[in-house]
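Descriptive structure summary
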Amino acid sequence: MARPSARTTIIALSTALAAGACLAVAAPSSATSGAAAGQWATAWAGSPVQGITSTATCPSAEGLTDRTVRNVVTTGAAGNRIRVRLSNSFGTSELHVGHATVARQGTGASLQPGTLRELTFSGKKSVDVPAGAQLLSDPVNLSVQELAHLSVSVYVPGSTGPVTNHRLGMQHSFMSGAGDHAGSGDGSGYPTSITCMMLVDGVDVVRNRDADGTVVTLGDSITDGAASTLNADHRWPDYLVRRLSALPGSVPAVANVAISGNEVLVDRVPVYFGISALRRLDRDVLAQSGVKSVILLEGINDIGAAGASASSLISGYQEIIDRAHARGLRIYGGTLTPFMGSNPRFGGDYGSAYGERQRLAVNQWIRTSGAFDGVIDFDKAVRDPADPSYMLPAYDSGDHLHPGDLGYKMMADAIDLGMILRNR
């Protein structure tokens, strides 16, 4: 098999996954660092899960043969150069990519005229991505603004087997009929809309020399934007991007590495909810380009689905904090939002008396321990003052676990931007 040259950045994961260890990743190579033109920052991340569970809107289990996927992703920073990260993180065999492109999205599957850019890998249009690896493209010149929609098209001529994917896209991507449609501008070759992202898990942009790195949001479905309006970019990290982009001067990029259903401590259903935050921390947080700080909002599924105690969650938080600090990162703790009333739908200890005791104990520790570099009181932002164990109805999506659009906006509004900018 053809091996990537030294210019191609490969991030190997399979050995760490097989051993059940923390994921080890390689930093970008000097040839693609972009240091001469500015600073690389992660502008979009789609934390990957195994391609085992298929739905009508995400055929990840059966995989793809002679198909092109047009992934539509939302950028968390402006920039003038781009590189794309292909993902075969959970593949069991080599992934052959025949053709890949990037462009600014037009309408639906179409592209904005004049923005299509061919992606190459060490100068070649096709590339083999080893099982368990991620791979960065060569940079291309393409300017984007904050919350721009990019269409990243990837053609696979052979059979992929189960496809590594980000399951909850909260926006429509597209899948072609047979053949290579990566270079198609009008979108007519993409008859099927999907709501997951396949084969890619990151987009980096080059920013100005004084750009202020990347803040990574580590979380579960509440950070993934579950129950927000489809195609509207109403996740709370999107609202954070809006607030930051309105400020003058240098502000960080935002990269959202949430996985719906994810837990801090255990791999409950890894084929659907991903590996735990502790095990994916290296890959999904520490290896992101330009990362300088982390916002952690996770633990509600540990309590609700697994019955975890507050003390066990706090131990997990402390490990994440220690590992972030060891890399020189600031880390901010988000209090867990209310979930009373969610039990009839979600079962377990979601909204149970036991679950509420653990949530309150965790939040008390986050607020008072001083372990984090700062605290974001998401709980206070969305709770009902008349009954704080419940979300305020105006902020509730209706399932009593996930906020709706207004709730997500209130969460972003609760973030002290001065804290993030001051502690860079």
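A brief look at the structure comes next. Bear in mind the structure is a predicted one, so any value in this text is a computation, not a measurement.

**Quick word on the overall build of the protein**
Counting its secondary structure elements, the protein contains 12 helices and 23 strands. By the burial criterion, 59% of the 424 residues in the protein qualify as buried. In the protein, the share of contacts with a sequence separation of at least 24, taken over all contacts with a separation of at least 6, comes to 78%. Entry remark: accessible area of the protein is about 14700 Å², with carbon and sulfur atoms responsible for 52%.

**Some points on the sheet that holds strand β3 (residues 65-74)**
Strand order in the open sheet formed by 6 strands is β7-β6-β11-β3-β13-β14, and the pairing between neighbours is antiparallel. One side of each edge strand has no neighbouring strand; the edge strands of this open sheet are β7 (117-118) and β14 (192-194). Sheet topology note: the β3/strand β13 (residues 173-175) ladder contains 2 bridges and is antiparallel. Looking at β13, one finds that V69 is bridged to M175.

**Observations regarding the pairing of strand β4 (residues 79-88)**
Counting buried residues in β4 gives 8 out of 10 residues, a clear majority hidden from the surface. The pairing of β4 with strand β10 (residues 140-144) spans 3 bridges and is classified as antiparallel. Each bridged residue has a counterpart across the sheet, and for I82 the counterpart in β10 is V140. Sheet topology places β4 next to strand β16 (residues 200-207); 6 bridges connect them, and they run antiparallel.

**Observations concerning the packing of helix α5 (residues 277-286) against helix α7 (residues 310-326)**
Between α5 and α7, whose axes approach to 11 Å, the crossing angle comes to 30°. Considering the angle they form, α5 stands roughly parallel to α7. The way α5 lies across α7 gives a crossing that is right-handed. For the pair α5 and α7, the contacting residues are A277, L278, L281, D282 and L286 in the first and G316, E319, I320, R323 and A324 in the second. Classifying every residue of the contact of α5 with α7 gives 6 nonpolar, 1 polar and 3 charged.

**So, α7**
Since one α-helical turn is 3.6 residues long, residues separated by three or four positions face the same way. With 17 residues, α7 ought to run about 24 Å at 1.5 Å a step, and its terminal C-alpha atoms sit 24 Å apart, in line with that. Every buried residue belonging to α7 is among A310, L313, I314, G316, Y317, I320, I321, R323 and A324, and all of these are buried. In this structure, the buried side of α7 is in contact with α5, β19 (291-297), α6 (300-306), β20 (330-334) and α9 (353-368). Taken from the residues just after α7, G328 is the one with a positive phi, measuring 80°.

**Remarks on empty space enclosed by the protein**
Overall, the coordinates contain 7 cavities of 30 Å³ or more when judged by the stated rule. Reported here for the largest cavity is a volume of approximately 200 Å³. Around the largest cavity, the lining comprises 21 residues; the ones closest to its centre are W44, A45, T74, R235 and N256. Of all elements in the fold, only β2 (39-45), α3 (236-245) and β18 (253-256) reach the threshold of two or more residues within the lining of the largest cavity. Here the residues of the lining of the largest cavity sort into 10 nonpolar, 8 polar and 3 charged. Taken as a whole, the second largest cavity encloses approximately 80 Å³ of empty space. Every residue lining the second largest cavity is listed: S87, N88, G91, T92, S93, E94, L95, T160, P162, V163, T164 and L199. When the residues that make up the lining of the second largest cavity are grouped by side-chain class, the tally is 4 nonpolar, 7 polar and 1 charged.

**Here's the deal with the state of the cysteines**
Evaluation of the coordinates by the stated rule reveals 1 disulfide. In this model C58 forms its disulfide with C196; the gap between the sulfur atoms is 2.1 Å. Taking the torsion about the S-S bond as the criterion, the C58 to C196 disulfide, at about 90°, is right-handed. With C58 in the loop between β2 and β3 and C196 in the loop between β14 and β15 (197-198), this pair connects stretches of sequence that are 138 residues apart. Judged by relative accessible area, which is 5%, C58 ranks as buried. Residue classification places C196 among the buried positions, given a relative accessible area of 0%.

Parameters at a glance
Residues numbered from 1 in each chain as written. Predicted model: local features only at pLDDT ≥ 70, side-chain atom pairs only at ≥ 80, totals over all residues. Heavy atoms only, no water. Helix = DSSP H or I, 4+ residues; strand = E, 2+ residues; numbered from the N terminus. Buried < 20%, exposed > 50% of the residue type's maximum accessible area, 1.4 Å probe, protein only. Contact = heavy atoms within 4.5 Å. Areas by Shrake-Rupley, 256 points an atom, 1.4 Å probe, with all protein chains shown as cover. Pairing = 2+ DSSP bridges. Axes fitted to C-alpha atoms, helices over the stretch in contact; angles between N-to-C directions. Parallel < 35°, antiparallel > 145°, perpendicular 65-115°, else oblique. Left-handed = near helix turned anticlockwise from the far one by under 90°. Nonpolar A, V, L, I, M, F, W, Y, C, P; charged D, E, K, R; others polar. Expected span 1.5 Å × (residues − 1). 1 Å grid on protein atoms, 1.4 Å probe; cavity = no way out; pocket = protein on both sides within 12 Å on 5 of 7 lines; lining within 4 Å. Points joined across faces, edges and corners; volume = space filled by probe spheres on them. Disulfide = S-S within 2.5 Å.

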